[in-house]
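An overview of the molecular structure
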Amino acid sequence: ETDRRGNVGELGRLAADINEISQASNLAVQNELKNQRMKTELISNVSHDLKTPLTSILSYSELLMQEPLEGAASDYAQIIQQKALRLKSMVQDVFEISKAASDQLPVKPEVLDFGKLLRQTLADMDGEIQKSGLTFKLDLPEQPVEITADGTRLYRVFQNLLQNALNYSLPGSRVYLSLKTTGKAAVASLRNTSR
């Protein structure tokens, strides 16, 4: 609106201010999305580039393990292999996170037994669990608990949760893992006491 002298009224100025704020906001969102994409691409590229030398380190560590080493040299070779495998796992995690952030992570749903998946995860980590000094209390049903999920991804979720419990629980404490069904839902719960 304008007054008698042709000046823009308060409503006109307010509308112009709102339009300006809206345009600035849209530009900020676009810039943030562009920055996120660039970060994701950088992480993905770095992770990919790390895989080649890491594969070489693992190959040489396996060859070294086959040599007749004695004393400390044998221990060092084992440590190199363990650390390289841990680094491989970390690089893979970062690579998968960057793919997930860019909606490029393939998910393959299948019907699986949730209880069996949890037991398998525990069995695979049994060595670390035994060394931890923690007491694991399990409440997992004997009968199958069928769910539809990506078994590989879900396995990694519980592997990470269990690893966190091993790393950060109060020494000598208990870790509780349960699986319950309520109606059509299956609920897994991991509880621990933080150090």
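These lines cover the structure that appears in this document, whether it is placed above or below. (Residues numbered from 1 in each chain as written. Predicted model: local features only at pLDDT ≥ 70, side-chain atom pairs only at ≥ 80, totals over all residues. Heavy atoms only, no water.)

A few points about the overall build of the protein chain
For the protein chain, the count of helices and strands is 5 helices and 5 strands. Start at the N end of the protein chain and walk to the C end: the helices and strands fall as α-α-β-α-α-β-β-α-β-β. Whereas a compact globule of 195 residues would reach a radius of gyration of roughly 16 Å, the protein chain reaches 27 Å, over 25% beyond that. Its C-alpha atoms give the protein chain principal-axis dimensions of roughly 95 × 50 × 35 Å. Of the contacts made within the protein chain by residues no fewer than 6 positions apart, 72% connect residues no fewer than 24 positions apart. (Helix = DSSP H or I, 4+ residues; strand = E, 2+ residues; numbered from the N terminus. Rg over C-alpha atoms; globule rule 2.2 N^0.38 Å. Contact = heavy atoms within 4.5 Å.)

Considering the layout of surface pockets
Of the volumes computed, that of the largest pocket is approximately 670 Å³. Elements represented by at least two residues in the lining of the largest pocket include exactly helix 2 (72-101), helix 4 (126-132) and helix 5 (151-168). Here the lining of the largest pocket is built from residues that sort into 3 nonpolar, 8 polar and 7 charged. Space inside the second largest pocket adds up to approximately 180 Å³. Surrounding the second largest pocket, Asp93, Glu96, Ile97, Ala100, Leu105, Arg153, Arg156 and Asn160 form its lining. Elements with a minimum of two residues in the lining of the second largest pocket: helix 2 and helix 5. Taken together, the residues that form the lining of the second largest pocket break down as 3 nonpolar, 1 polar and 4 charged. (1 Å grid on protein atoms, 1.4 Å probe; cavity = no way out; pocket = protein on both sides within 12 Å on 5 of 7 lines; lining within 4 Å. Points joined across faces, edges and corners; volume = space filled by probe spheres on them. Nonpolar A, V, L, I, M, F, W, Y, C, P; charged D, E, K, R; others polar.)

Structural notes on the packing of helix 3 (residues 114-124) against helix 5
Closest axis-to-axis distance for the helix 3/helix 5 pair is 10 Å, and the angle between their directions is 50°. The pairing of helix 3 with helix 5 is recorded here as oblique in orientation. As for how helix 3 packs across helix 5, the hand of that crossing is right-handed. Between helix 3 and helix 5, the contacting residues are Phe114, Leu117, Leu118, Gln120, Thr121, Leu122 and Asp124 on the first element and Gly151, Leu154, Tyr155, Phe158, Gln159 and Leu162 on the second. For the contact of helix 3 with helix 5, the residue count by class is 8 nonpolar, 4 polar and 1 charged. (Axes fitted to C-alpha atoms, helices over the stretch in contact; angles between N-to-C directions. Parallel < 35°, antiparallel > 145°, perpendicular 65-115°, else oblique. Left-handed = near helix turned anticlockwise from the far one by under 90°.)

Examining the side chain of Ser169
Structurally, Ser169 is set in the loop between helix 5 and strand 4 (174-182). Residue classification places Ser169 among the buried positions, given a relative accessible area of 1%. Among all residues touching Ser169, those that are not within four sequence positions of it are Leu134, Asn164, Val175, Asn192, Thr193, Ser194 and Arg195. (Buried < 20%, exposed > 50% of the residue type's maximum accessible area, 1.4 Å probe, protein only.)

Digging into the packing of aromatic side chains
Inspection of the entire model under this criterion finds 1 aromatic pair. Between the NZ or CZ atom of Arg191 and the centre of the ring of Tyr176, over which it lies, the distance is 4.8 Å. (Phe/Tyr/Trp six-rings, centres within 6.5 Å; stacked < 30°, edge-to-face > 60°. Lys NZ or Arg CZ within 6 Å of the ring centre and 35° of its normal.)

Examining helix 5
Taking 1.5 Å of rise per residue, 18 residues should cover 26 Å, and helix 5 covers 26 Å from first to last C-alpha, within 8% of that figure. Listed as buried for helix 5 are Gly151, Leu154, Arg156, Phe158, Leu162, Ala165 and Leu166. Here helix 5 starts with a cap whose side-chain oxygen sits 3.1 Å from the backbone nitrogen of Thr152, and that cap is Asp150. (Expected span 1.5 Å × (residues − 1). Polar contact = N/O pair within 3.5 Å; in protein donor to acceptor, adjacent residues only side chain to side chain.)

Comments concerning a nonpolar patch on the surface
Residues Leu11, Leu14 and Ile18 make up a contiguous nonpolar surface patch of about 310 Å² in total accessible area. Checked against the element boundaries, Ile18 lands in helix 1 (residues 10-65). (Patch = residues over 30% accessible without salt bridge, like charges linked within 9 Å, V, L, I, M, F, W, Y side chains within 5 Å. Areas by Shrake-Rupley, 256 points an atom, 1.4 Å probe, with all protein chains shown as cover. Salt bridge = Lys/Arg side-chain N within 4 Å of Asp/Glu carboxyl O.)

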